[in-house]
Amino acid sequence: MKARILSIETSCDETSVAILAASKTAIRLAHHETATQIPIHQRYGGVVPEVAARTHVAEVVSLLERAGAFAKRPPFDAIAVTRGPGLATALRVGIDAARTIAAVTDVPIIGVNHLEGHLASVWLVPENRKNWKFPLLTLLVSGGHTEIVLMKDFGKYQVLGRTRDDAAGEAFDKTAKLMGLGYPGGPMIAQLAVDGDPNAISFPRPMLNDGSFDFSFSGLKSAVRREWELLPDAKKKDSQVIADFCASIQQAITDVLVAKMLAAAKKSKPVMVSIAGGVSANVHLQQRLAQAFAEKFPSVRMLLPAKGLHTDNAAMIAAAGYWQLRNGKKSNWKTLDSQPELDL
Ligand code: KG4
Ligand code: ZN
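Quick caveat: nothing in here was measured; it's all calculated off a predicted structure. (Residues numbered from 1 in each chain as written. Chains lettered and ligands numbered in written order. Predicted model: local features only at pLDDT ≥ 70, side-chain atom pairs only at ≥ 80, totals over all residues. Heavy atoms only, no water.)

## Here's the deal with the sheet that holds strand β3 (residues 27–36)
The five strands are arranged β3-β2-β1-β4-β5 in an open sheet whose pairing can be described as mixed. Looking along the sheet, the strands with just one partner apiece sit at the ends: β3 and β5 (109–113). Ignoring strand direction, the axes of neighbouring strands in this sheet form an average angle of 20 degrees. The pairing of strand β4 (residues 78–84) with β5 spans five bridges and is parallel. Looking across to β5, one finds that Val81 is bridged to Gly111. The sheet contacts of helix α3 (residues 88–105) involve β1 (3–9), β4 and β5, and relative to β4 the element is tilted by about 155 degrees. (Pairing = 2+ DSSP bridges. Helix = DSSP H or I, 4+ residues; strand = E, 2+ residues; numbered from the N terminus. Axes fitted to C-alpha atoms, helices over the stretch in contact; angles between N-to-C directions. Contact = heavy atoms within 4.5 Å.)

## Re the site of ligand 1
The environment of ligand 1 is formed by 18 residues, the closest being Gly143, Asp173, Gly186, Gly278 and Asn282. In the environment of ligand 1, an oxygen atom lies 3.2 Å from a nitrogen or oxygen atom belonging to the side chain of His114. Take Gly278: an N or O atom from its main chain is 3.0 Å from an oxygen atom of ligand 1. Within the complex, the protein chains bury 89% of what would otherwise be the 560 Å² of accessible surface of ligand 1. For the shell around ligand 1, the element with the most residues is helix α6 (residues 168–178), which contributes three residues. Tallied by class, residues from the shell around ligand 1 come to five nonpolar, 11 polar and two charged. For the shell around ligand 1, the domains that each give at least three residues are domain 1 (3–120 + 309–326) and domain 2 (134–303). (Near = heavy atom within 4 Å. Polar contact = N/O pair within 3.5 Å; in protein donor to acceptor, adjacent residues only side chain to side chain. Areas by Shrake-Rupley, 256 points an atom, 1.4 Å probe, with all protein chains shown as cover. Nonpolar A, V, L, I, M, F, W, Y, C, P; charged D, E, K, R; others polar. Domains from an automatic or database assignment.)

## Examining the domain arrangement of the protein
By domain assignment, the protein separates into domain 1 (3–120 + 309–326) and domain 2 (134–303). Taking only C-alpha atoms, the centre of domain 1 and the centre of domain 2 are 27 Å apart. Contact residues are listed per partner, giving 17 residues for domain 1 and 19 residues for domain 2. Carbon and sulfur atoms make up 70% of the surface buried where domain 1 meets domain 2, a total of about 1400 Å² over both sides. On the domain 1 side of the interface with domain 2, the three residues burying the most area are Leu115, Leu119 and His310, jointly 40% of the side's total. Between the two partners, domain 1 and domain 2, sit zero salt bridges. Seen at the junction of domain 1 and domain 2, the total is six residue pairs in polar contact (both at pLDDT 80 or more). For the side of domain 1 that touches domain 2, the elements supplying multiple residues, two or more each, are α1 (38–42), α4 (114–121) and α12 (314–326). By residue number, the principal contributor to the side of domain 1 that touches domain 2 is α4, which donates four residues. Here the residues of the side of domain 1 that touches domain 2 sort into seven nonpolar, seven polar and three charged. (Buried area = accessible area lost by both parts, 1.4 Å probe. Salt bridge = Lys/Arg side-chain N within 4 Å of Asp/Glu carboxyl O.)

## Concerning the packing of helix α10 (residues 239–268) against helix α11 (residues 283–296)
If you want to describe how two helices pack, look at the angle between their axes and the distance between the axes. For the pair α10 and α11, interaxial distance at closest approach is 10 Å and the crossing angle is 35 degrees. Seen from above, α10 lies across α11 with right-handed handedness. Counting all contacts with α10, which are made through Gln250, Gln251, Thr254, Asp255, Leu257, Val258, Met261, Leu262 and Ala265, the residues of α11 involved are His284, Leu285, Arg288, Leu289, Ala292, Phe293 and Lys296. Considering only residue class, the contact of α10 with α11 consists of nine nonpolar, four polar and three charged. (Left-handed = near helix turned anticlockwise from the far one by under 90°.)

## Observations concerning the sheet that holds strand β8 (residues 156–162)
In spatial order, the strands read β8-β7-β6-β9-β10; together these five strands make up an open sheet with mixed pairing. Of all the strands in the sheet, just β8 and β10 (301–303) have a single pairing partner and so form its edges. When the angles between neighbouring strand axes are averaged without regard to direction, this sheet yields 20 degrees. Pairing analysis gives six bridges linking strand β7 (residues 146–153) to β8, with the strands arranged antiparallel. Paired with Leu150 across the bridge in β8 is Gln158.

See below:
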């Protein structure tokens, strides 16, 4: 199916606009621009919803303008917008922009689940698309979510397990914050972990062998706080000590994610696996998962999102919007509303 989709993502701390040109034979990202708010939220040590929403308002108009969205003959024939999950006031900015454009241009609007967007980020890689097969088991790891999702078809998803408290990204962010490493913690911990010993500190691996596909990361955060507070101040500035902490935190998180994915694969027998969401940018996690699957399920191919499409972006929202459009699903601009708690 041929379509040019304008997409808008404003669920958290990235304002992003894309245009995806899709046909039966080719998918091309004609335009993609993301304005990150990370430097703004760094001042507060985390995302401040009100600040995020206000910044989206300022950014989304200029991003849309640069995408040609206000041209007399707009270069798209559908609009995809993230409707949830995410911050209520932040989501509203993108949705209201999309609804206004839909009303003025009379093109169909598609409300997209942000989590389905992350699943679709993997499909944007041409090589992945060529080999795409279901069932596909995805580890969806972001700042707000940690889920093991069995994709049975486009639009047909079964959540096999999820976190009962913090998400994996949150575990990175919160432990980094209490060590004074800044926001976002994931990339920071990953970078510092390179010189550290992953076995230096034995942090808990909750629910590792409980037979479920669920996760719990809040205990890890408490354990890191306890260990960190035991350190004398001089040690807290010692680069080897910091590196060892980071490597041990990353190892504990990765161990659980990999073990649960192997268990889920044993049960659901996928033909492919993928990882998506901000934490999938973690090279250590990518390598460990690839290695584990190569050993235990050598016939299962592992797919990754394109570089730069791990964290939030509008390209993945356009891709998920295209999946819906192909399945004949559209929304109504008059009634489309944000769903901050939406799940898959
Ligand atoms: O998908 P995303 O941009 O936003 C949500 O939908 O939540 O994910 C952001 C999360 C943050 O928690 C950030 O610390 C984490 O992804 N992250 C990483 C890495 N890069 C980003 N975590 C571990 N290692 C990384 N390299
Ligand atoms: Zn996300």
